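Architecture at a glance
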Amino acid sequence: MRLFHPLTFVLVILSSLVNAGVTVYYQIPLADSTTTAASANYTGAAAYDPTVLTPPPVPAGLTTQFGIQLSSSSAAVQGLSIPQKGSFMGFSIEFTVVNQIFGVNATYLQVPFLNLMAVLRERAGEVHIRVGGNTQETAVLVDSLPGGVMVAKEQGTSDDVTGTPTLLYTAEVLYTMANISALVNTKWYLGIPFNDTNNLRLGIAEVGEAVLSGPGYLLGFQVGNEPDLYAAHKDRPSTYSPTDYFGEFGIVADAVNNDGNIPVKNNLVAPSITGQWTPESVWDTGLVESYSSSLGALAVEHYPTDNCYALYGIGVPVIPQDVFQNFLNHTSGINIIAPYLNSTNYAQTIGKPFIMMETNTASCGGLPGISDTFGATLWALDYGLQMAYSNFSGAMMHVGGQNVYYNPFTPPPTNQSSYHQWTIGSVFYSTIVIAEAFGPSGNAQIIDLQANTDSMFTPAYAIYENGAPVRLVLINYVSDPSGASDYTTTISIGGSAIGQGNATPAQIQVKYLAAPSVSEKYNITWAGQTFGSGTFQSDGRLTGSESVQTINCDQSANTCQVTVPAPGVALTFSTTMVTKTVNTATINPSVLATSNGCRERRGSLGIRARGILVLASGIRFRLFLLSVQLC
């Protein structure tokens, strides 16, 4: 299989790059403009929609001074979550856009995507990604495609009311994923096509196991994507029910068990429903008991609202300004998760992880002026923390193409890729904060502190690790440029008030997630660093100097005060935080040079990468074809 060779030619490659000539960047063609159109007249791609909404008014009676009391030992804390990993919040990438996001093929990888994943890998240790969505259901594995591409769409071959195309793909997709994993430790969920269980297509499982399972990069296979919507989308009869799904799941499980080319038999994921059926209605069929040996995880998918009327004329119109406030409070995440609390408890009793396999602000592409704003950053962070606290084991933020508002990251249109960089969406910052808050140990336990008398505008979470409180996430949903709604919380760890010895440290360190307004789209910073102040500005690396605040505590009073801007987030560290290096997220050219660029022979070495790499010296290179091979 085409995986990476050990790092053998690092010095040779670095030497050749350092002596390279000056890069000539491409001028933007005169016919193309990067100027943003007025939102009222905007007719371009949703991913770059400039719509700006008005923030909700400052809530009356907001308390801006309150205390947080923490136990110095997790043994005294009721309601802590199960242990969580830093990779908790990952991505669900629509199958049809993998060639845009991952690269043209296994030898032409997208450097910005690698850099973005490295940002998370440095904090969490690994990144979880699901490749699938509606297009997984009609996907067909073929030996080759015209022009050597690895994916192609056949429009008009699906009867789905959402216009989902049939997707043709080659094994190159799986080799591309393996090469990405070898660089940035990504791990993958895939989907077995479920549109025709009388004629199963298990190729993705057979090739996926062969390419991804051995190195430990494969997490599991979804069996069905949103089966409770099959009837509405005309993919099944109108009477399709949980019992019918149970029967069809059994067909797949039996086929996998009887397929000698699928060695792992216990990594299927079900039922991935959206809420049209309750999870309990599926559990009541006996699916879990009947196929426990085949199941690796239980999963659901959920969006709090939709924009389907605007796209397909389905449902009712949603006016973004009217619903903006619904995303700007702690109650939102609590209400989304409430129908799944019984199931997360059930999953623990049977020893299975419970995954939110696909989610984001709104289905059918998100909402303009909401899904791509700092308000969505705060919402996704709070929602993710609430899922972790409620014993989900992971959550995947969905990623589509140019025609959606909610993308965590968007590559430029293909015809602009030679002179435009990537656009990083607001919710990608949420994934960074969660990765850093949970860390790489896999032992983080989360508690919702119900801070400030459980105010919906100022939620707070504590993260315990190895029995002690190590980090706090403090959120302020209020948008108030005057500063009057910034809040200050007085933190105490241990102390006589709870019958413990004083445990507040002499100092804590704080990183801030900040933006001028909840309506802000791009001027967002994490610890003073950003992915750019507009569209087409990022190569996947955080830029700017990292800013970590040190706050001196009053150990005699056993208190430490932290101020959180309105709007904003503070992540506090009660132990010394170590930043490895400046711009640790950069994929070093010497590491990229170990990518396998030789198609015909295994065990080969080389790289062909598109994008901009920056060495520690600051020398910049635009890579269109860099090849170092041992074939």
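Throughout what follows, the structure given in this document is the object of discussion. (Residues numbered from 1 in each chain as written. Predicted model: local features only at pLDDT ≥ 70, side-chain atom pairs only at ≥ 80, totals over all residues. Heavy atoms only, no water.)

1. Comments concerning the overall build of the chain
A tally of regular secondary structure across the chain gives 16 helices and 27 strands. Long-range pairs, those at least 24 residues apart, make up 77% of the contacts in the chain with a sequence separation of at least 6. (Helix = DSSP H or I, 4+ residues; strand = E, 2+ residues; numbered from the N terminus. Contact = heavy atoms within 4.5 Å.)

2. Digging into the sheet that holds strand β9 (residues 186-192)
Taken in spatial order, the 8 strands of this closed barrel run β2-β5-β9-β10-β11-β12-β13-β14, and their pairing is parallel. Looking at each pair of strands side by side, their axes are set apart by 30 degrees on average, direction ignored. The pairing of strand β5 (residues 127-132) with β9 spans 4 bridges and is parallel. Across the sheet, His128 pairs through a bridge with Lys187, a residue of β9. Helix-sheet contacts for helix α3 (residues 111-124) involve β2 (89-94), β5 and β9, and the interaxial angle to β5 is about 135 degrees. (Pairing = 2+ DSSP bridges. Axes fitted to C-alpha atoms, helices over the stretch in contact; angles between N-to-C directions.)

3. Quick look at the packing of aromatic side chains
Within the structure shown, the criterion is met by 27 aromatic pairs. Note on Tyr245 and Phe249: the rings are 6.2 Å apart at their centroids and 45 degrees apart in plane angle, and the pair reads as tilted. On the criterion of helical spacing, the pair formed by Tyr245 and Phe249 is a turn pair, its members being 4 residues apart in helix α6 (residues 242-257). For the residue pair Tyr245 and Phe249, the accessibility class agrees, reading buried in each case. When the centroid spacing of 6.1 Å and the interplanar angle of 85 degrees are considered together, the rings of Tyr340 and Phe392 count as edge-to-face. Here Tyr340 is found in the loop between α11 (330-337) and α12 (341-350), whereas its partner Phe392 is found in the loop between α13 (374-389) and β14 (394-399), with 52 residues between them in sequence. Here the two residues Tyr340 and Phe392 agree in accessibility, since each one is buried. These aromatic residues form a ring-pair network of at least three members: Phe91, Phe102, Phe113, Trp188, Phe409, Trp422, Phe428, Tyr429 and Phe531. (Phe/Tyr/Trp six-rings, centres within 6.5 Å; stacked < 30°, edge-to-face > 60°. Buried < 20%, exposed > 50% of the residue type's maximum accessible area, 1.4 Å probe, protein only.)

4. Here we look at the state of the cysteines
Within this structure, the stated rule accounts for 2 disulfides. The disulfide partner of Cys553 is Cys560, and the S-S distance across this bridge is 1.9 Å. One disulfide, between Cys553 and Cys560, carries an S-S torsion of -65 degrees and so falls in the left-handed class. An identical accessibility class is assigned to Cys553 and Cys560; each is buried. (Disulfide = S-S within 2.5 Å.)

5. What to know about unusual backbone geometry
Keep in mind that most residues, glycine aside, have a negative phi and that most peptide bonds are trans. Following Ala270, the chain continues to Pro271 via a peptide bond in cis, the omega torsion being -5 degrees. On the secondary structure map, Pro271 appears in strand β11 (residues 268-273). Following Ala566, the chain continues to Pro567 via a peptide bond in cis, the omega torsion being 5 degrees. Along the chain, the position of Pro567 falls in the loop between β24 (560-564) and β25 (568-573). One non-glycine residue, Cys364, adopts positive backbone phi at about 60 degrees. Following the sequence through the fold, Cys364 ends up in the loop between β13 (354-359) and α13. On the basis of relative accessible area, Cys364 is assigned to the buried category, the value being 18%. A positive phi angle, close to 60 degrees, is found at Asn558, a residue other than glycine. On the basis of relative accessible area, Asn558 is assigned to the buried category, the value being 4%.

6. Examining the sheet that holds strand β1 (residues 65-70)
Spatially, β1-β20-β24 is the arrangement adopted by the 3 strands of the open sheet, whose pairing is mixed. A single partner strand is all that each edge strand has here, and the edge strands are β1 and β24. Recorded for the sheet is a direction-independent mean angle of 25 degrees between the axes of neighbouring strands. Note that β1 and strand β20 (residues 487-493) share 6 bridges and pair parallel. Bridged to Phe66 within β20 is Thr489.

7. Section: the environment of Ile432
Relative to the elements of secondary structure, Ile432 occurs in helix α14 (residues 426-438). Among the residues examined, Ile432 registers a relative accessible area of 0% and is labelled buried. With 343 residues separating them along the chain, Ile432 and Met89 place their C-alpha atoms 8.8 Å apart. Discounting chain neighbours no more than four positions away, the residues touching Ile432 are Val119, Leu120, Arg123, Trp526 and Phe531.

8. Structural notes on the pairing of strand β12 (residues 295-302)
Counting buried residues in β12 gives 7 out of 8 residues, a clear majority hidden from the surface. Where β11 meets β12, 5 bridges bridge the pair, whose relative direction is parallel. If you follow Pro271 over to β12, its bridge partner there is Ala299. Here β12 runs beside β13; their pairing, made up of 5 bridges, is parallel. By the bridge assignment for β13, Ala299 is matched with Ile355.

9. Considering the nonpolar core
Generally speaking, nonpolar side chains in soluble globular proteins are found buried as a group. Phe91 and Phe409 are the most contacted members of the largest nonpolar core, which totals 128 residues. The greatest single-element share of this core, amounting to 10 residues, is contributed by α13. If you look at the next biggest cluster of nonpolar residues, it comprises 23 residues, including Phe66, Ile68, Ala451 and Ala462. (Core = buried A, V, L, I, M, F, W, Y, C linked by side-chain atoms within 4.5 Å.)

10. Looking at the pattern of salt bridges
Tallied over the full model, the rule gives 12 salt bridges. In this structure, Glu301 and Arg130 form a salt bridge, with 3.4 Å as the shortest nitrogen-oxygen distance. Of this pair, Glu301 sits in strand β12 while Arg130 sits in strand β5, placing them 171 residues apart in sequence. Using a relative accessible area of 1% as the deciding quantity, one classes Glu301 as buried. Under the relative-accessibility criterion, Arg130 is labelled buried at 0%. (Salt bridge = Lys/Arg side-chain N within 4 Å of Asp/Glu carboxyl O.)

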